[in-house]
Each structure stands twice: as structure tokens, then as C-alpha cells.
Amino acid sequence: MQPIIKTYVIPGDDFTHAGEASGKVKAMLKQLGYDSDAVRRIAIAMYEAEINMVIHADGGKATVEIHPDRVELTLQDSGPGIEDVELAMQEGYSTAPDEVRALGFGAGMGLPNIKKYTDDMKIESIVGTGTKIYMLVKAGKTS
């Protein structure tokens, strides 16, 4: 079976529409009959990556590949990049500006939550060029 591939444009600096792509992917996976725990983990990880793109990178692109046994997500932006990925992976570490924190975002849990809710995660980031996050969640159909 060929994978289902969907691409979404993530708008930057737009908290009104942040999370729409992950919501669409969640609905599609439910409709396709994927395991509810895997669907939940995918939705959380993708949402966290989307929010990071909105906050830090003026948006980007999300590509989702749905396979019978897994879902692969690649989110890529042309933002400022992450200077210290190891530091950024620490719970509570955040470079979000105060106005973003005032909206309830930027608590420094995005990357740690992505790692927590995925089976595999890779980050490629070049300062001044952008960041690419690859996520894999093992997922199967319940029926």
C-alpha cells in the first residue's frame, strides 16, 4: 500500500490558526481507524511542533506520511534555528518572548513533549537557516 502523504502550510505569528494542521491529521487518522492512543500521541507531538514554528520561525511546512504501521511527520521552517538543541530539549527551557508567554505559550515543554510522545525524533537545525524535525509514531489500525 502506498502511503498517504499530506502537506500543510503552517502560518507564522498566527495563534488563531495554530494547531489546525494537527487537528486535521488527528481527524483523518481517526477516520482511517488508527489506534486511539497513537492518534493522541501524533496529535500532541505535531501540535507542539506547529506551535514552535508559529512562535519562533514565522511558520513553515508540515509533511505527514501515513503508512499502515506508522506515521512519519516532518516539520521544516526557515526560522532562526536552534543554537543549542541539547539545552532546548530540557523541560522548562524557553526562548519565547514575554508576549507569547502572556498568551499561555512558551513554557519550554514543546521539544520535550515531542520526544515523549513519539517513538523516534530527530532535529536538524542550522542557526540562521532553519530547523527540521522528523517524528515517527508506530501506529496501527484497530479494525
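As the structure is a prediction and not an experimental result, all values here were calculated from the model.

Novice: What's the story with helix α2 (residues 36-56) in this structure? I'm lost.
Specialist: Since one α-helical turn is 3.6 residues long, residues separated by three or four positions face the same way. The terminal C-alpha atoms of α2 lie 30 Å apart, and with 21 residues this matches the ideal 30 Å at 1.5 Å per residue to within 8%. Within α2, 15 of the 21 residues are buried, which leaves the element mostly enclosed by the surrounding structure. By the N-cap criterion, in which a side-chain oxygen at the helix start approaches the backbone nitrogen of a residue two or three places on, α2 is capped by D35, the distance to D37 being 3.2 Å. Trailing α2 by a residue or two, D58 shows a phi angle of about 55°, which is positive.

Novice: Where do I start with the pattern of salt bridges in this structure?
Specialist: Oppositely charged side chains are able to pair whenever their charged atoms sit close together. Summed over the entire model, instances satisfying the criterion amount to six salt bridges. Close ionic contact of R70 with D69 constitutes a salt bridge, the shortest N to O distance being 2.9 Å. Among the residues examined, R70 registers a relative accessible area of 24% and is labelled partly exposed. For D69, a relative accessible area of 46% puts it in the partly exposed group. Of the charged contacts in the structure, one is a salt bridge between R70 and E72, with a shortest N-O distance of 2.6 Å. Exposure remark for E72: the relative accessible area of 15% places this residue in the buried category. Linked by salt bridges that have partners in common, D37, R40, R41 and D119 make up one network.

Calculation notes
- Residues numbered from 1 in each chain as written.
- Predicted model: local features only at pLDDT ≥ 70, side-chain atom pairs only at ≥ 80, totals over all residues.
- Heavy atoms only, no water.
- Helix = DSSP H or I, 4+ residues; strand = E, 2+ residues; numbered from the N terminus.
- Expected span 1.5 Å × (residues − 1).
- Buried < 20%, exposed > 50% of the residue type's maximum accessible area, 1.4 Å probe, protein only.
- Polar contact = N/O pair within 3.5 Å; in protein donor to acceptor, adjacent residues only side chain to side chain.
- Salt bridge = Lys/Arg side-chain N within 4 Å of Asp/Glu carboxyl O.

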